[in-house]
Amino acid sequence: AQEAWDCIWEELIVKGKGVKTVYNRPGFVENDYNFSAQMLEEMIREQDRLIAKYSGAEWNAKPTANRVVELLVEHRVLIQIELNEVNSGLRKLTDRDFLGPKERRRRLKLKEKKDNSKTGATAATPQKKHKDSSKYFNKLEREANAQKKRKRRDLRRLAKKAKSEADAMP
């Protein structure tokens with residue numbers, strides 16, 4: 001049995017023949033990205049749910065469930081530390097991090113406020129929004145398609161005329 005595990009380890013881990021994961025990416029470093037507080041809080045809620053489930057009477061007699069609970073508790077501690085760092089500002093988030101909807105909205109408002117202060121716009125005079133140009137482009141597309149259809153019809157007429165003239169020649 002140990003020989004089988006050694007073989008599996010050799011093939012999957014050493015030779016890299018197993019399923020490719022994020023850890024296989026060149027230059028991957030887990031600390032290259034962060035999660036927003038909202039996302040970390042959601043992770044903690046989910047881990048709490050799983051810990052409660054697998055600690056319950058239905059599961060707590062099973063060694064695998066106990067091991068899962070141990071791993072979840074360890075990982076929950078690490079996520080809580082990361083959440084504390086994000087909330088305290090020790091860990092700075094960037095636009096390239098995994099930001100939840102609340103954080104993205106907050107950043108968008110800050111950016112709009114910053115842009116408004118540069119342009120002199122106020123809340124009473126919001127910046128110009130982009131108008132919906134879809135009708136214009138839909139009409140343009142219909143006209144282009146109609147023009148193609150006319151060209152094809154004209155080419156068929158010319159081809160038919162050329163054929164009839166060629167047939168009429170001695």
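Note: the structure precedes this text.
Residues numbered from 1 in each chain as written. Predicted model: local features only at pLDDT ≥ 70, side-chain atom pairs only at ≥ 80, totals over all residues. Heavy atoms only, no water.

## Let's talk about the pattern of salt bridges
Keep this limit in mind: Here, a salt bridge means any Lys or Arg side-chain nitrogen found within 4 Å of an Asp or Glu carboxyl oxygen. Secondary structure elements follow DSSP: runs of H or I no shorter than four residues count as helices, runs of E no shorter than two count as strands, and numbering proceeds from the N terminus. Only protein chains enter the accessibility calculation, which uses a 1.4 Å probe; a residue is then buried when its area is under 20% of its type maximum, exposed when over 50%, and partly exposed in between.
Evaluated as defined, the whole model comprises 14 salt bridges. A salt bridge links Arg-76 to Asp-48; the nearest nitrogen and oxygen atoms lie 2.5 Å apart. Here Asp-48 lies in helix α2 (residues 37-55) and Arg-76 lies in helix α3 (residues 63-88), a separation of 28 residues in the sequence. Under the relative-accessibility criterion, Asp-48 is labelled partly exposed at 32%. The salt bridge involving Arg-106 is made with Glu-103; its shortest N-O contact spans 2.7 Å. Note that Arg-106 and Glu-103 are positioned in helix α4 (residues 101-119) at a spacing of three residues, about one turn of the helix. Given the relative accessible area of 42%, Arg-106 is considered partly exposed. Through salt bridges that share partners, Asp-95, Glu-103, Arg-106 and Arg-107 make up one connected network.

## Re the packing of α2 against α3
Test applied: Lines fitted to C-alpha atoms define the axes, with helix axes restricted to the stretch in contact, and inter-axis angles between N-to-C directions lie between 0 and 180 degrees. Orientation labels follow simple angle bins: below 35 degrees gives roughly parallel, above 145 gives roughly antiparallel, 65 to 115 gives roughly perpendicular, and whatever is left gives oblique. Helix crossings are classified by the rotation of the near helix relative to the far one: an anticlockwise turn of less than a right angle makes the crossing left-handed, while a clockwise turn makes it right-handed.
Closest axis-to-axis distance for the α2/α3 pair is 9 Å, and the angle between their directions is 160°. With respect to their mutual orientation, α2 and α3 come out roughly antiparallel. Judged by the twist between their axes, the crossing of α2 over α3 is left-handed.

## Comments concerning the environment of Leu-83
Of note, Leu-83 is situated in helix α3. Residue Leu-83 is classed as buried on the basis of its relative accessible area of 7%. Between the alpha carbons of Leu-83 and Asn-34 there is a distance of 9.8 Å; along the sequence they are 49 residues apart.

## Focus: α2
To be explicit about the condition: Given a helix with a known number of residues, its expected span is that number minus one, times 1.5 Å. Regarding the arc, it is the one traced by the directions from the helix axis to the C-beta atoms. A contact between two residues is defined here by any heavy atoms of the two lying within 4.5 Å.
Helix length check: α2 (19 residues) gives 26 Å between terminal C-alpha atoms against 27 Å at 1.5 Å per residue, within 8%. Regarding α2, the residues found buried are Ala-37, Leu-40, Ile-44, Gln-47, Ile-51 and Tyr-54. Looking straight down α2, one finds that the buried residues subtend no more than 120° of arc, so they occupy a single side. Those residues of α2 that are buried are in contact with α3.

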